[in-house]
Structures are given as C-alpha cells and as structure tokens.
Amino acid sequence: MAIPEWLRIRRSRSDDGRDAALWSKCSKCGEVLYRRDLAANLFVCTKCGHHFRMTAFDRISTLIDGDFNEVGSEILPGDPLGWVDRKTYPVKLSGDREKSGLTEGVVCGFGQIGGHDVALGVMDFHFRGGTMGTVVGERIALLLEEALKRKVPCIIFTASGGARMEEGMFALMQMAKTTAAVARFVEDGNFFVTVLTDPTTGGVSASFAFESDVIIAEPKAMIGFAGRRVIEQTIRQKLPDQFQTAEFLLEKGHIDMVVDRHELKNTLVRLLEYVAVPA
Amino acid sequence: MNVIVDREKGLLELEKRIAELRAANASQPLDMSPEIAALEQKYEEILREVFGRLSPWEKVNMARHPSRPTSLDYLSQLDRFDELHGDRHMRDDPAIVAGFAMLRGRPVMAIGQQRGRDTKENLRRNFGMVTPEGYRKVQRLAHTASRLRVPIVTFIDTKGADPGIASEEHSQSEAIARCLYEFTEARVPIVAAIIGEGGSGGALALGIADDVIMLEHSVYSVASPEGCAAILWGDATKAEEAASRLKLTAQDLQQFGIIDEIVPEPLGGAHRDPAGVVARVLGTMYAAVQRLSALAPETLREQRYRKYRRVGAWQVGRQETIGKSP
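Residues numbered from 1 in each chain as written. Chains lettered and ligands numbered in written order. Predicted model: local features only at pLDDT ≥ 70, side-chain atom pairs only at ≥ 80, totals over all residues.

Enquirer: Describe the domain arrangement of chain B, naming the residues involved and giving the relevant values.
Expert: Residues and elements named next belong to chain B. Each domain of chain B was delimited in the assignment, giving domain 1 (3-52) and domain 2 (61-309). Between the C-alpha centres of domain 1 and domain 2 there is a distance of 37 Å. Each side of the interface is counted separately: domain 1 has six residues, and domain 2 has seven residues. If you list the elements that add at least two residues to the side of domain 1 that touches domain 2, you get α1 (3-26) and α2 (33-51). (Domains from an automatic or database assignment. Contact = placed C-beta atoms within 7 Å. Helix = DSSP H or I, 4+ residues; strand = E, 2+ residues; numbered from the N terminus.)

Enquirer: Describe the nonpolar core, listing the residues and the values that go with them.
Expert: Counting 154 residues, the largest nonpolar core has I140 and C154 of chain A together with V138, I152, L180 and A192 of chain B as the members making the most contacts within it. Not counting residues within four places of it along the chain, the set of residues in contact with A192 of chain B comprises T154, I156, L206, G207, A209, V212 and I213 of chain B. By size, the runner-up hydrophobic cluster in this structure holds six residues, among which are F43, V44, C45 and M54 of chain A. (Core = buried A, V, L, I, M, F, W, Y, C linked by C-beta atoms within 7 Å. Buried ≥ 20, exposed ≤ 12 C-beta atoms within 10 Å, placed from the backbone.)

Enquirer: Which residues make up the interface of chain B and chain A, and what values go with them?
Expert: Counting from both sides, the interface comprises 51 residues of chain B and, opposite them, 55 residues of chain A. By residue number, the principal contributor to the side of chain B that touches chain A is helix α8 (residues 172-185) of chain B, which donates nine residues. Inspection of the sheet shows strand β4 (residues 75-77) of chain A paired to strand β9 (residues 314-316) of chain B by three bridges, in the antiparallel sense. Each residue of the ladder has a partner; that of L76 of chain A, found in β9 of chain B, is Q315 of chain B. (Pairing = 2+ DSSP bridges.)

Enquirer: Any chance you could break down the environment of D188 of chain A for me, citing the residues and the numbers?
Expert: You can see D188 of chain A is positioned in the loop between α7 (168-187) and β8 (192-200). Separated by 33 residues in sequence, D188 of chain A and A221 of chain A have C-alpha atoms that sit 31 Å apart.

Enquirer: Which residues make up the packing of α1 of chain B against α2 of chain B, and what are the values?
Expert: Residue and element names in this part refer to chain B. It is the contact of α1 with α2, at a shortest axis distance of 10 Å, that shows an interaxial angle of 165°. Between α1 and α2, the angle is such that the two are roughly antiparallel. For the pair α1 and α2, the crossing hand works out as left-handed. Contacts from R7, L11, L14, R17, I18, L21, R22 and N25 of α1 reach α2 at S33, E35, I36, L39, E40, Y43, I46, L47 and V50. Counted by class, the contact of α1 with α2 contains ten nonpolar, two polar and five charged residues. (Axes fitted to C-alpha atoms, helices over the stretch in contact; angles between N-to-C directions. Parallel < 35°, antiparallel > 145°, perpendicular 65-115°, else oblique. Left-handed = near helix turned anticlockwise from the far one by under 90°. Nonpolar A, V, L, I, M, F, W, Y, C, P; charged D, E, K, R; others polar.)

Enquirer: I'd like a rundown of the environment of G112 of chain B, residues and numbers included.
Expert: For G112 of chain B, the position within the fold is in strand β3 (residues 106-113). In the structure, G112 of chain B is positioned 26 residues away from V138 of chain B in sequence and 9.1 Å away in space, judged by C-alpha atoms.

Enquirer: Can you tell me about helix α5 (residues 89-100) of chain A, naming the residues and giving the values?
Expert: Residue and element names in this part refer to chain A. Taking 1.5 Å as the rise per residue, α5 with twelve residues should run 16 Å; its terminal C-alpha atoms sit 16 Å apart, in good agreement. Three or more residues of α5 are buried, namely Y89, L93, D96, R97 and S100. In an axial view of α5, the angular spread of the buried residues amounts to 105°, which keeps them on one side of the axis. Each element contacted by the buried residues of α5 is listed here: β4. Directly after α5, the chain includes G101, whose backbone phi takes a positive value near 70°. (Expected span 1.5 Å × (residues − 1). Arc of directions from axis to C-beta.)

And the structure:
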C-alpha cells in the first residue's frame, strides 16, 4: 500500500522514541511482535488475533484511499476551569501532545473509502484516554455539519474513557453538542456509521456512539456506560470477563456487527454502496 | 455522613433550648425574655456563620440533604398531575416520575427524577439512579409531548445513571443517548430545573432545555465528586477536593452560561422552607414556559441548536501537530 504524502510527512516528523521501539508485546498472549509485522497486520497480533489500540493516523491510513483533508485541526483546547491537581491541565495537554503527536483526542476530515466520499472522524485513546472535552465535541460537530453540507456519509471511530474531568461541565455539554449535530445530520437523510473500538465508555458511548444508523464494533472491544470498576464497586462482586465486550453487546442486541479489523474496510465499503446507488 | 445534617444537629439543640425556655417563661413569674432574645440572636449568628457561605463540598451535601424537596414535592404542587407509567418494553422505573400536568393552568409534560425520602423508598426508587427503562419512559413521553405540542418541564435530582449489571445489559448508553436526541429534536419549549444533585450524563438526559433553572445550592457536574476523584486520582475519598475543582455550583455554571437562572434558597437550605422554594421554582418555570411558547417551533429548535452548538471553551490557532510544545 502506497503511503500518502500527508502521512509520510507526519511519520517522518514523529520518528521519535515511541516509534523507534522495534518490538511490541501483545497484552493478551504475551507474544513479542516485530513492530513492522504488527503494522503490516493492521496492529492485530499475528499469534492470537488481539486487536491493539490504533493511533488515529494509523487508522486513517488503513482506511482512506488517497488524500485525507483534515478539518477542525485549528480548534485547540482552552483551560476553562483553570484546572490544577498534580499538574495543571495545560501541562497535561502538552505532555499528551508530545506523547501522541496529536493536538487533541480526535482527528476529523474528508477523503474516500473504496471510491466513496466520506466524512471520517477517528478518536485516539493515546490523547487523554480519548476523553471528550470541548475540542473533541467541537471537531465532531464541525465534521457532521460539513458532511451535511456536502451530503456525504459520516463514519466515526470511537475510543474513549468518557468525559474529560478537567473541563468539568463544558465536557459534559459536548454530549449535547454532538447529539445536536448528529440529529441535524441524520434527520436530513444522511448515513451515519459508528465503529466502536476499545474502549468506548461514558459520555461518548452515551451520545454519538449510539446514535448512528449502523453500529460496528471491533472484536473484544470494551463498550459500556459505566466503567467496570464502578460497577464492581457498586455491586461488590467481580464481573465476568465477557461482560461489556463487543460480543456481549452483539448478543444483547445493542450493536449491529462485530467486525475483524482485516474485514473492516470491506464492510464499510459494502455499507456505503447501499446509500450510494440511487434507489 | 452528610456534613450539613451534621451541622444542623448543633443548631437543632439550640432550637430546642429556646423553645423550652419560651415554654418555661410563659409559666413562671421570672421574666427570662432577655436571655431568650440573646439565645435567639446567637442562633441567628450561628445560622449565618454555618450557612451564609457554603463551600462547593457543602453545597454537594446540601444538594443531597435527606429533607431537601424532591421531584414529587414539586409535582404535588402542580394544579394537576396524572402520572404515566412504563417504557412499553420492560418495566416501569420508579426513579422516574412523569406524566401530564397543569402548571398554573397550562398543560405540560412533567418529568422528574425521584430519590427516596426514607430508606424504604430509596430502595424502591434506587436512590434516584435511573435505569435504561426509566430513560426510555422519558424518551417516550418527550416524544409524545413534542407531537402534541405540550411543553416539557423536567426536575433533575440524581447522583447519576444507574451503574448496575442489568443497566449495562439493557444499554444504558443508548438509552441516555436517545434521550439527548429526543430533547434536541423536540418541537416544544423545554424547561429544566436542577433541584438537587445533577450528576453527569444521567442528569443531562433530562437537561437539554431552552431554559435551565438551578436552585441556589444545587450542584451540576460532569461526574460526582467521588467519581471524579476515583477517575483522576484513584481515590474516592478526595471528593471534597474534586468538588472544589469541578466548578459545579449554580453560581459558577451561570457565569459559564451553562445554566440560565438561579432560584434563591432560604438561609440553611431549601428544606427550611419547602413550600416557598417549590412555589418559586414553579413560578420561574411557568414564566419561562410562557416566554418560550411565543416562539415558533422551528425558531425554538434553531435557538436550542445554537445554544448547545456554541457551548465550550476552546481556542482557534495553529499548533504544530507533531513535536515539542512551546
């Protein structure tokens, strides 16, 4: 697969310590994997099939045919509460920027998947645990508004620990903001797909993640409203391993399908074809 | 332990002493009026000292006060209230009390989160923590209200959505998300009042509104202070610190533009004059419903969209995507 220009530039600029690591250990089976093999296998363990968490740009490069035109990258976080705990919020943010190479927890833009124009938003767990603060909400709302103007389907990949505490109620209100944008988009007759990746919880799962026409999840992804620890503390007992996994949600009827990462692009293209062909 | 209840104990003793002295004074020749007056003055001083300026954590405790008026205390003061039950799929969630009502002669759909006023009721109502079935009842009734052009009024009072196994099995996420969607789309005025604790997404599910009212000592937060402390610091006992950082008071939130109006409480909290507080909240709600009813449904929805579309705090700038931050 040819690497698009935009990605090559980003990669060359992010060739720091993190990417220099040649080996990655599978957190499920313990297998030590050569990083290049892992990347070639879409970050799925070659031994046990465990789906590693992907960075937003890796994800985009595995889906988008050619160019990806980012929107909303100029929207950057503020510090509305003047938050301080062990560190200030701006210090936490700059640490995450260095660590992840991202300006915030979601990357949004336009491109083509299998020849179909799409709006694509990809959340990245490596930035503040994918938590939703103002910028995540704002970028997603912008993406949906722009997709509405262009009348193209919108696909959003979620990965989130929930609302971002450091932005307080401003963070919670992003659930309202994204929902408002989703409602306009879908009520206008446009196609909305979400792909839930590990983990998708809290304010993200209780807003746009579960407001789409088709909900796909990656194998074994942890998906739920309340975190596992919170539930265990509430009921004072251990939860079964299977609880809150993608497969569990499929069985309970809350998502449409669980799709292996190798089949994901094909699946999306097949879905896009249903809305591309005039009825 | 509730810190407000704790403090009230000392005051209650003083109240009792004053009452005793008064009774004794009436039945004996020796005039103790000056002593009683002094005690009363002292009582007032203590009251002001204890409740005059509440810290965020004290407000959290005030919002959770066992005697604070609950949704049913408000609903019972409407001209009429006909409760409607169930989500039409699974069951009726007693943590949501809802139905048609008359607010000063005006038909409304009233929806409230109901915690218990004693242990027995708390068990039945799950401490006001709503399950997916409760949120689906809310969606259903909000949808009906929108279709029939009946304004929606909500009473928010919950620690948060129920975090149990069954709630996850029935998709708490989807249930809340659909409530948000329904409220966003509703073609009628929505007025929400945070009467106690507004905890997280479970509160916001009833909170998307054209006018958001908050009682003076209510709190509204992205997570409960305990939850926030557990998430950030792995230590729920740091709740007091979290409460002070989260900016969850009515005064902070009004400044942020997240809520619209504050209804004052008497010194010592809403439970010191429940009837007065309930009347004031209902009056404020009525005025808001009247004001908003003058707007065409599409104008109303457009306004609501813009209100939630702009909420947040961000900056627009250029920042190197990759590399060291300044």
